[in-house]
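Coordinates in review
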Amino acid sequence: MEPQVAIVSGALFGLLGCVAPAALFERALRGRPGATLASGLAAVIVSFLTLTVVLLVVYTATNTGFLEFGCALVAAFLLFWGIEAIRAWRAANGRAPHRGEG
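Under the definition given, this model contains zero disulfides. Distance from the sulfur of C18, which forms no disulfide, to the nearest cysteine sulfur (C71) is 16 Å. Taking the relative accessible area as the measure of exposure, C71 reaches 45% and is therefore partly exposed.

Three or more residues of helix 2 (residues 19–29) are buried, namely P21, A22, L24 and E26. Against helix 3 (37–61) and helix 4 (66–92) lie the buried residues of helix 2. Immediately beyond the C-terminal end of helix 2, within one or two residues, lies G31, with a positive phi of roughly 80°.

Any two packed helices are characterised by how steeply their axes cross, that is the angle between the axes, and by the distance between the axes. Between helix 3 and helix 4, the least distance of the axes is 10 Å, while the angle of their chain directions is 165°. Taken together, the axes of helix 3 and helix 4 are roughly antiparallel relative to one another. The handedness of the crossing between helix 3 and helix 4 comes out as right-handed. Contacts between helix 3 and helix 4 involve S47, L51, V54, L55, V58 and Y59 from the former and F66, F69, G70, L73 and F77 from the latter.

Its 14 residues give helix 1 (residues 3–16) an end-to-end C-alpha distance of 20 Å, which sits within 8% of 20 Å, the value for a rise of 1.5 Å per residue. Against the buried residues of helix 1 lie helix 3 and helix 4.

What follows is about the packing of helix 1 against helix 4. Direction vectors running N to C along helix 1 and helix 4 enclose 40°, while the axes themselves pass 7 Å from each other. The angle between helix 1 and helix 4 falls in the class oblique. The two elements helix 1 and helix 4 cross, and the hand of that crossing is right-handed. Note on element contacts: helix 4 touches helix 1 through E68, F69, A72, L73, A76, F77 and F80, opposite A6, I7, S9, G10, A11, F13, G14 and L15. Split into classes, the residues belonging to the contact of helix 1 with helix 4 amount to 11 nonpolar, three polar and one charged.

This part takes up the nonpolar core. Formed by A6, L51, V54, V58, F69 and L73, the largest nonpolar core amounts to six residues. Listed by contribution, the elements that provide at least two residues to this core are helix 3 and helix 4. The element best represented in this core is helix 3, accounting for three residues. Contacts of V58, omitting those with residues within four sequence positions, involve M1, F66 and F69.

On to the pattern of salt bridges, then. In a structure, side chains of opposite charge can pair up when their charged atoms sit close to one another. All chains considered together, the criterion is met by three salt bridges. Close ionic contact of R30 with E26 constitutes a salt bridge, the shortest N to O distance being 3.7 Å. A residue is classified by how much of its surface remains accessible, and R30, at 44% relative accessible area, is partly exposed. Measuring nitrogen to oxygen at the nearest pair gives 2.6 Å for the salt bridge that ties E26 to R87. Of the two residues, E26 is situated in helix 2 and R87 in helix 4; the sequence distance between them amounts to 61 residues. Each member of the pair E26 and R87 is classed as buried. Linked through salt bridges whose partners overlap, the residues forming this network are E26, R30, E84 and R87.

Rules of the game
Residues numbered from 1 in each chain as written. Predicted model: local features only at pLDDT ≥ 70, side-chain atom pairs only at ≥ 80, totals over all residues. Heavy atoms only, no water. Disulfide = S-S within 2.5 Å. Buried < 20%, exposed > 50% of the residue type's maximum accessible area, 1.4 Å probe, protein only. Helix = DSSP H or I, 4+ residues; strand = E, 2+ residues; numbered from the N terminus. Contact = heavy atoms within 4.5 Å. Axes fitted to C-alpha atoms, helices over the stretch in contact; angles between N-to-C directions. Parallel < 35°, antiparallel > 145°, perpendicular 65-115°, else oblique. Left-handed = near helix turned anticlockwise from the far one by under 90°. Expected span 1.5 Å × (residues − 1). Nonpolar A, V, L, I, M, F, W, Y, C, P; charged D, E, K, R; others polar. Core = buried A, V, L, I, M, F, W, Y, C linked by side-chain atoms within 4.5 Å. Salt bridge = Lys/Arg side-chain N within 4 Å of Asp/Glu carboxyl O.

Written out as structure tokens, the structure reads:
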């Protein structure tokens, strides 16, 4: 796998792993019902399984570019949740979200 392809696809799959918990996070941030402990645990399990299966598939398909893919996957995942943590901190401290944040 070419390094550029590995980095871009790793970042995209890292964001894919954020979808289930992010949907629940947005629901909780906006105060909508349905954000329970059980649904949070289920979202984390789905995210973990998604990322694990993606890494396993890429590792078995090709060894070239696996390091770049894995680093991009983790970096995108952590960057996304770093931004969401800032939004949660602002919401917890009573600050209004920026425009475009929902």
